[in-house]
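The primary structure of each chain is shown beneath.
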Amino acid sequence: MNDQALVLYETPVEGVARITLNRANAKNAQNLNLLDALDELFTRAMKDEDVRVIILAAAGSDFSAGHDLRKLLDTEDATRFGDRSSSGNYNSPDGEGYMAREEDAYMHLCKRWRNLSKPTIAQVQGRCIAGGLMLAWVCDLIIASEDAQFLDPVVAWGGNGVEYFAHPWEFGPRKAKELLFTGDTFSADEAWRLGMVNRVVPRKELEAFTLDLAARIAKKPSFALKTVKQSVNAAVDAQGQPQALDTAFQIHHLTHYHNRAINDGNLVDPSVMPKMFKK
Ligand code: ZN
C-alpha cells in the first residue's frame, strides 16, 4: 500500500464530516484496504459528537468503478477479518471461504453503514458501477451531478447482480429487471425519475450543493434525525428488504460456485474478461 490515504476525512463546515474516496487513479475501485479505511472513517464520524451529518464523496472523475476486479478478495484477505469477524472459515476452499469473505467485506459493512444513526449523503459524479451502487445506496440521500451514470453489468459475467441486491427498492421491480437483464447505463436524470437520486445538479455545483444540504440538515435536532432514519428504515425492513437481501446474496454465491464449476475454477469465463477473475 502506498502512503497516500485511500480515503480522506475532513469537517468542512460545522456539524458535517466529509469522507472522500481517494483512489481516483483507479476510478475509486474498491479493494479491501479502501473498504477498511472507509469503515474506520465512518466510525470516526460516529464517535465525533460534533458531527451530525456525513457526506460520502469521491475524488476524480468517477464515484466508483465498483469492486477492484484486478484483485478480488482472496485467501490473503482472510487473515484481516479478525477484528470484525462474523463469518469464519475464510480459508475454506470452494464456496464456503469465498462466501465468508464477501459476507464480511461487502454485506456486513453495507448493512452497518446503512444503519448508522446519523444521516448520510452520497455525492455522486461520473460512473457508479456495480459495487459503486452499494456505496451510494447505503446512504440516506443521493445527490448526483448531471454526468453521473449508473449500471450493474454483473449478469454479463454470470451473476445475479452486485452483492447488496437493493435494486428492486431503488428502481422498482420492473426497472430493476431492465437494469440487470441489459446491463445498460441509467443516466442521472433517469435515476432521479425512478426515485433513486434525490437531486441532479451541474457538475461544478455538486460539492457546494451537497455541502449546503448537509449543513441545513445538521441544524436539526440530532435525535429527531436519528428517529426519522430509524422509522424510514423500519418501513423498508417491514417490506422484507433484509430477508430479500440475504436471499439474493445466497443466490449470488450459488452463481459464483456455478461459474467456477463451468469455467475451470475462474469466477468468470476468461474469454469474457480475459484479464480479470483469473484463478
Ligand atoms: Zn460476489
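If you're wondering where the values come from, they're calculated on a predicted model, not measured in any experiment.

Draft legend 1. Here's a closer look at the overall build of the protein chain. For the protein chain, the count of helices and strands is 10 helices and nine strands. Taken over the C-alpha trace, the protein chain has a radius of gyration of 18 Å; the compact-globule value for 279 residues is 19 Å, and the two agree within 12%. When the backbone C-alpha atoms are referred to their principal axes, the protein chain occupies close to 55 × 40 × 40 Å. Looking at the protein chain as a whole, 50% of its 279 residues are labelled buried. Within the protein chain, residue pairs in contact and separated by at least 24 positions form 70% of the contacts whose partners lie at least 6 positions apart. When the accessible surface of the protein chain is split by element, carbon and sulfur atoms take 52% of a total near 13300 Å². One finds the centroid of the 32 positive side-chain charges in the protein chain at a distance of 3 Å from the centroid of its 37 negative side-chain charges.

Draft legend 2. Here's a closer look at helix 6 (residues 173-182). All buried positions along helix 6 are accounted for by Ala176, Leu179 and Leu180. Taken end-on, helix 6 shows its buried residues confined to a sector of 90°, consistent with a single buried face. Residues of helix 6 that are exposed and point over 90 degrees away from its buried face: Arg174 and Phe181. Elements that come into contact with the buried residues of helix 6 comprise strand 7 (149-151), helix 5 (167-171) and strand 8 (186-187).

Draft legend 3. Fine view of a negative patch on the surface. Negative charge collects at one region of the surface, where Glu146, Asp147, Asp189 and Glu205 lie side by side. As for its placement among the helices and strands, glutamate 205 is situated in the loop between strand 9 (199-201) and helix 8 (206-218).

Draft legend 4. Representation of the coordination of the zinc ion in the model. The protein atoms donating to the zinc ion are Glu102 (OE), Glu102 (OE), Glu163 (OE), His252 (NE2) and His256 (NE2), with metal-donor distances spanning 2.1 to 2.3 Å. Spacing between the donor residues of the zinc ion along the chain follows E-x60-E-x88-H-x3-H. Placement of the pair is glutamate 163 in the loop between strand 7 and helix 5 and histidine 252 in helix 10 (residues 241-262), with a sequence separation of 89 residues. Per residue, the accessibility class of glutamate 163 equals that of histidine 252, and both read buried.

Draft legend 5. The environment of leucine 180, seen in detail. Inspection of the secondary structure assignment puts leucine 180 in helix 6. Sequence-distant contacts of leucine 180, that is, excluding residues within four places in its chain, are made with Asp152, Val155, Asn160, Gly161, Phe165 and His167.

Draft legend 6. Representation of the state of the cysteines within the structure. Scanning the entire structure with this criterion turns up zero disulfides. Considering cysteine sulfurs only, cysteine 139 is the nearest to cysteine 110, which forms no disulfide, with 9.7 Å between them. According to the relative accessible area criterion, cysteine 139 is buried, its value standing at 6%.

Conventions adopted
- Residues numbered from 1 in each chain as written.
- Predicted model: local features only at pLDDT ≥ 70, side-chain atom pairs only at ≥ 80, totals over all residues.
- Heavy atoms only, no water.
- Helix = DSSP H or I, 4+ residues; strand = E, 2+ residues; numbered from the N terminus.
- Rg over C-alpha atoms; globule rule 2.2 N^0.38 Å.
- Buried < 20%, exposed > 50% of the residue type's maximum accessible area, 1.4 Å probe, protein only.
- Contact = heavy atoms within 4.5 Å.
- Areas by Shrake-Rupley, 256 points an atom, 1.4 Å probe, with all protein chains shown as cover.
- Lys, Arg positive; Asp, Glu negative; His and termini not counted.
- Charge placed at Lys NZ, Arg CZ, Asp CG, Glu CD.
- Arc of directions from axis to C-beta.
- Patch = residues over 30% accessible without salt bridge, like charges linked within 9 Å, V, L, I, M, F, W, Y side chains within 5 Å.
- Salt bridge = Lys/Arg side-chain N within 4 Å of Asp/Glu carboxyl O.
- Donors = N, O, S within 2.8 Å, 3.2 Å for Na, K, Ca; no water.
- Disulfide = S-S within 2.5 Å.

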